[in-house]
Amino acid sequence: YCNNTLGFSPLASERSMAYFTPETIRSFMLDHFAPERMVLVGVNVAHSELTKWAMRSFADYNAIPLKKREETKAVYTGGDLRLEGSSPFAHVALALESPAWGAPDLAAVTLLQSILGGGSATASGVGGGTTSRLSTQVVKQSPYVESVAAFNTSYSDSGLFGVYGVAQPDKAG
(Lines give C-alpha, C1' and ligand atoms only; values in the text may rest on other atoms or scores of the structure.)
Protein backbone atom coordinates (compact mmCIF):
# COMPACT_ATOMS: atom_id res chain seq x y z
CA TYR A 1 0.00 0.00 0.00
CA CYS A 2 3.02 2.21 -0.59
CA ASN A 3 1.96 5.86 -0.97
CA ASN A 4 -1.76 5.11 -1.27
CA THR A 5 -4.74 4.66 1.05
CA LEU A 6 -3.66 2.24 3.81
CA GLY A 7 -0.01 3.20 3.28
CA PHE A 8 -0.52 6.79 4.40
CA SER A 9 0.52 7.55 7.95
CA PRO A 10 -2.22 8.86 10.23
CA LEU A 11 0.41 11.00 11.94
CA ALA A 12 1.83 14.31 10.76
CA SER A 13 5.58 14.55 10.30
CA GLU A 14 7.69 17.37 11.73
CA ARG A 15 8.36 18.49 8.15
CA SER A 16 4.65 18.94 7.42
CA MET A 17 3.80 20.91 10.57
CA ALA A 18 4.53 24.26 8.89
CA TYR A 19 1.68 23.59 6.44
CA PHE A 20 -0.93 23.34 9.22
CA THR A 21 -2.52 26.76 9.29
CA PRO A 22 -5.96 27.76 10.54
CA GLU A 23 -7.06 27.91 6.90
CA THR A 24 -5.86 24.40 6.00
CA ILE A 25 -7.43 22.93 9.12
CA ARG A 26 -10.75 24.70 8.45
CA SER A 27 -10.67 23.49 4.83
CA PHE A 28 -10.06 19.91 6.01
CA MET A 29 -12.95 20.20 8.45
CA LEU A 30 -15.29 21.47 5.74
CA ASP A 31 -14.32 18.57 3.48
CA HIS A 32 -14.46 15.75 6.03
CA PHE A 33 -16.46 16.69 9.14
CA ALA A 34 -20.24 16.39 9.11
CA PRO A 35 -22.74 15.11 11.67
CA GLU A 36 -23.31 12.00 9.53
CA ARG A 37 -19.64 11.04 10.06
CA MET A 38 -19.45 11.75 13.79
CA VAL A 39 -20.31 10.02 17.03
CA LEU A 40 -21.14 11.93 20.18
CA VAL A 41 -20.32 10.04 23.37
CA GLY A 42 -20.90 11.12 26.94
CA VAL A 43 -19.54 9.49 30.08
CA ASN A 44 -20.85 10.48 33.50
CA VAL A 45 -23.10 13.11 31.95
CA ALA A 46 -26.86 13.33 32.13
CA HIS A 47 -28.67 12.39 28.93
CA SER A 48 -30.50 15.71 28.94
CA GLU A 49 -27.19 17.61 29.12
CA LEU A 50 -25.71 15.53 26.30
CA THR A 51 -28.72 16.03 24.04
CA LYS A 52 -28.64 19.78 24.77
CA TRP A 53 -25.05 19.97 23.51
CA ALA A 54 -25.84 17.74 20.53
CA MET A 55 -28.69 20.04 19.52
CA ARG A 56 -26.49 23.12 19.93
CA SER A 57 -23.71 21.58 17.89
CA PHE A 58 -25.66 19.93 15.10
CA ALA A 59 -29.22 21.22 14.87
CA ASP A 60 -29.53 24.75 16.27
CA TYR A 61 -26.56 26.10 14.34
CA ASN A 62 -25.52 25.58 10.75
CA ALA A 63 -23.71 22.26 10.85
CA ILE A 64 -21.11 21.49 8.23
CA PRO A 65 -22.95 19.91 5.28
CA LEU A 66 -22.03 16.42 4.15
CA LYS A 67 -19.75 16.48 1.11
CA LYS A 68 -19.32 13.50 -1.17
CA ARG A 69 -15.82 12.04 -0.88
CA GLU A 70 -14.00 10.10 -3.53
CA GLU A 71 -13.84 6.41 -2.59
CA THR A 72 -10.29 5.31 -3.39
CA LYS A 73 -9.73 1.55 -3.33
CA ALA A 74 -6.60 0.33 -1.61
CA VAL A 75 -3.95 -0.92 -4.04
CA TYR A 76 -1.57 -3.51 -2.62
CA THR A 77 1.96 -2.83 -3.82
CA GLY A 78 4.12 -4.98 -1.58
CA GLY A 79 7.51 -3.63 -0.70
CA ASP A 80 10.37 -3.79 1.71
CA LEU A 81 11.08 -1.62 4.76
CA ARG A 82 14.09 -1.90 7.05
CA LEU A 83 14.58 0.24 10.14
CA GLU A 84 17.23 0.35 12.83
CA GLY A 85 15.75 0.24 16.31
CA SER A 86 16.72 -0.02 19.93
CA SER A 87 15.59 -3.64 20.33
CA PRO A 88 18.35 -6.25 20.69
CA PHE A 89 16.28 -8.55 18.44
CA ALA A 90 15.37 -8.59 14.76
CA HIS A 91 11.63 -8.12 14.21
CA VAL A 92 10.60 -9.58 10.86
CA ALA A 93 7.21 -9.67 9.15
CA LEU A 94 6.33 -11.35 5.88
CA ALA A 95 2.87 -10.49 4.57
CA LEU A 96 0.73 -10.66 1.46
CA GLU A 97 -2.62 -9.29 0.45
CA SER A 98 -5.62 -11.10 1.88
CA PRO A 99 -9.38 -10.79 1.39
CA ALA A 100 -11.29 -7.70 2.45
CA TRP A 101 -13.74 -7.70 5.35
CA GLY A 102 -16.89 -9.56 4.33
CA ALA A 103 -15.29 -11.35 1.36
CA PRO A 104 -16.19 -15.05 0.98
CA ASP A 105 -12.52 -16.13 1.24
CA LEU A 106 -11.97 -14.31 4.55
CA ALA A 107 -13.14 -17.32 6.58
CA ALA A 108 -10.47 -19.56 5.02
CA VAL A 109 -7.69 -17.04 5.72
CA THR A 110 -8.90 -16.55 9.30
CA LEU A 111 -8.92 -20.33 9.77
CA LEU A 112 -5.35 -20.52 8.42
CA GLN A 113 -4.30 -17.82 10.91
CA SER A 114 -5.85 -19.85 13.75
CA ILE A 115 -4.21 -23.09 12.61
CA LEU A 116 -0.78 -21.48 12.38
CA GLY A 117 -1.28 -19.67 15.70
CA GLY A 118 1.77 -18.33 17.44
CA GLY A 119 4.19 -19.05 20.21
CA SER A 120 6.93 -17.69 22.38
CA ALA A 121 10.11 -19.22 23.75
CA THR A 122 9.04 -18.08 27.23
CA ALA A 123 5.36 -19.13 27.03
CA SER A 124 4.28 -22.32 28.71
CA GLY A 125 1.08 -23.85 29.93
CA VAL A 126 -2.52 -23.58 28.79
CA GLY A 127 -3.14 -20.62 26.51
CA GLY A 128 0.56 -19.99 25.92
CA GLY A 129 0.43 -21.11 22.29
CA THR A 130 2.72 -24.05 23.03
CA THR A 131 0.81 -26.44 20.76
CA SER A 132 0.28 -24.18 17.73
CA ARG A 133 1.94 -25.03 14.42
CA LEU A 134 4.27 -22.03 14.53
CA SER A 135 5.23 -22.80 18.12
CA THR A 136 6.00 -26.48 17.53
CA GLN A 137 7.54 -26.12 14.06
CA VAL A 138 9.44 -22.83 14.42
CA VAL A 139 9.93 -21.70 18.03
CA LYS A 140 10.64 -25.15 19.49
CA GLN A 141 12.93 -26.09 16.57
CA SER A 142 15.27 -23.09 16.85
CA PRO A 143 16.88 -21.65 19.98
CA TYR A 144 17.33 -18.33 18.13
CA VAL A 145 13.60 -17.60 17.63
CA GLU A 146 12.03 -15.69 20.51
CA SER A 147 8.45 -15.60 19.21
CA VAL A 148 6.37 -15.98 16.07
CA ALA A 149 2.70 -15.40 15.26
CA ALA A 150 0.37 -15.45 12.28
CA PHE A 151 -1.77 -12.36 11.73
CA ASN A 152 -4.64 -11.31 9.52
CA THR A 153 -5.95 -7.75 9.32
CA SER A 154 -9.00 -7.02 7.20
CA TYR A 155 -10.22 -3.66 5.98
CA SER A 156 -13.26 -2.73 3.89
CA ASP A 157 -11.40 -3.11 0.59
CA SER A 158 -8.27 -5.20 1.28
CA GLY A 159 -6.38 -7.07 3.95
CA LEU A 160 -2.99 -8.39 5.04
CA PHE A 161 -2.13 -11.95 6.07
CA GLY A 162 1.32 -12.81 7.31
CA VAL A 163 3.71 -14.08 9.92
CA TYR A 164 5.57 -11.89 12.42
CA GLY A 165 8.62 -13.15 14.23
CA VAL A 166 11.30 -12.02 16.66
CA ALA A 167 14.74 -13.63 16.53
CA GLN A 168 18.41 -13.15 17.29
CA PRO A 169 19.63 -10.65 14.65
CA ASP A 170 22.67 -12.66 13.51
CA LYS A 171 20.43 -15.71 12.92
CA ALA A 172 17.39 -13.98 11.40
CA GLY A 173 18.51 -14.20 7.79
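See the structure shown above.
What you are looking at is a predicted structure, and each value in this text was computed from that prediction instead of being measured.

Participant: Which parts of the structure should I look at to understand the overall build of the protein chain?
Facilitator: Looking only at helices and strands, one finds four helices and four strands in the protein chain. Each helix and strand of the protein chain, placed in order from N terminus to C terminus, yields the pattern α-α-β-α-β-α-β-β. The C-alpha radius of gyration computed for the protein chain amounts to 23 Å, which surpasses the reference 16 Å derived for 173 residues by more than 25%, pointing to a less compact arrangement than a globule. In terms of overall dimensions, the protein chain has C-alpha extents of about 65 × 40 × 35 Å along its principal axes. Going through the 173 residues of the protein chain one by one, you find that 17% of them count as buried. Within the protein chain, counting contacts between residues at least 6 apart in sequence, those at least 24 apart form 60% of the total. For the protein chain, the exposed area adds up to about 13,100 Å²; of that, 59% sits on carbon and sulfur atoms. Looking at the protein chain, you have 13 positive and 15 negative side-chain charges, and the mean spots of the two groups are 3 Å apart.

Participant: Even after reading the chapter, I still don't get the pairing of strand E4 (residues 159-167), so can you show me in this structure?
Facilitator: In the case of a regular strand, side chains alternate between the two sheet surfaces. Pairing of strand E1 (residues 90-98) with E4, which is carried by nine bridges, proceeds in the antiparallel orientation. Looking at the pairing, Ser-98 lines up with Gly-159 of E4. As paired strands, strand E3 (residues 145-154) and E4 are joined by nine bridges and run antiparallel to one another. Each bridged residue has a counterpart across the sheet, and for Ala-149 the counterpart in E4 is Tyr-164.

Participant: Can you help me understand the layout of surface pockets in this one?
Facilitator: One number sums up the size of the largest pocket: a volume of about 1,300 Å³. Around the largest pocket, the lining is made up of 26 residues, and of these Asp-80, Leu-81, Arg-82, His-91 and Ala-93 lie nearest the centre. Those elements that provide at least two residues to the lining of the largest pocket are E1 and E4. Looking at the lining of the largest pocket element by element, the count peaks at six residues for E1. Per-class residue counts for the lining of the largest pocket are 17 nonpolar, six polar and three charged.

Participant: Honestly, the pairing of E3 in this entry has me stumped. Any pointers?
Facilitator: Alignment of strand E2 (residues 118-120) against E3, held across three bridges, turns out to be antiparallel. By the bridge assignment for E3, Gly-118 is matched with Ala-149. In textbook terms, the turn of a hairpin is the stretch between consecutive antiparallel strands, and for E3 and E4 this stretch comprises four residues.

Participant: Sorry, what's going on with the pattern of salt bridges here?
Facilitator: Note on pairing: side chains with opposite charge can pair once their charged atoms come close. A full pass over the atoms with the stated rule returns three salt bridges. Between Glu-49 and Lys-52 there is a salt bridge, with the nearest N and O atoms lying 3.2 Å from each other. Pair noted here: Glu-49 and Lys-52 are both in helix H2 (residues 47-59), with a separation of three residues, about one helical turn. Assessed through its relative accessible area of 34%, Lys-52 is described here as partly exposed.

Participant: Explain the sheet that holds E2 to me, please; I cannot follow it from the model alone.
Facilitator: Backbone-to-backbone hydrogen bonds join strands into a sheet, with any given pair of strands oriented parallel or antiparallel. Across the sheet, which stays open at both edges, the four strands sit in the order E1-E4-E3-E2 with antiparallel pairing between neighbours. The two strands at the open ends of the sheet, each matched to only one other strand, are E1 and E2. Pairs of neighbouring strands in the sheet enclose a mean axial angle of 20°, with direction left out of account.

Participant: What am I meant to see in the side chain of Asn-152 here?
Facilitator: Along the chain, the position of Asn-152 falls in strand E3. By relative accessible area, which is 16% here, Asn-152 ends up buried. In terms of polar contacts, Asn-152 uses its side chain to reach the side chain of Ser-98, at 3.0 Å. Ignoring any residue separated from it by four or fewer positions in sequence, one finds Asn-152 in contact with Ser-98, Leu-106, Val-109, Thr-110, Gln-113, Leu-160 and Phe-161.

Rules of the game
Residues numbered from 1 in each chain as written. Predicted model: local features only at pLDDT ≥ 70, side-chain atom pairs only at ≥ 80, totals over all residues. Heavy atoms only, no water. Helix = DSSP H or I, 4+ residues; strand = E, 2+ residues; numbered from the N terminus. Rg over C-alpha atoms; globule rule 2.2 N^0.38 Å. Buried < 20%, exposed > 50% of the residue type's maximum accessible area, 1.4 Å probe, protein only. Contact = heavy atoms within 4.5 Å. Areas by Shrake-Rupley, 256 points an atom, 1.4 Å probe, with all protein chains shown as cover. Lys, Arg positive; Asp, Glu negative; His and termini not counted. Charge placed at Lys NZ, Arg CZ, Asp CG, Glu CD. Pairing = 2+ DSSP bridges. 1 Å grid on protein atoms, 1.4 Å probe; cavity = no way out; pocket = protein on both sides within 12 Å on 5 of 7 lines; lining within 4 Å. Points joined across faces, edges and corners; volume = space filled by probe spheres on them. Nonpolar A, V, L, I, M, F, W, Y, C, P; charged D, E, K, R; others polar. Salt bridge = Lys/Arg side-chain N within 4 Å of Asp/Glu carboxyl O. Axes fitted to C-alpha atoms, helices over the stretch in contact; angles between N-to-C directions. Polar contact = N/O pair within 3.5 Å; in protein donor to acceptor, adjacent residues only side chain to side chain.

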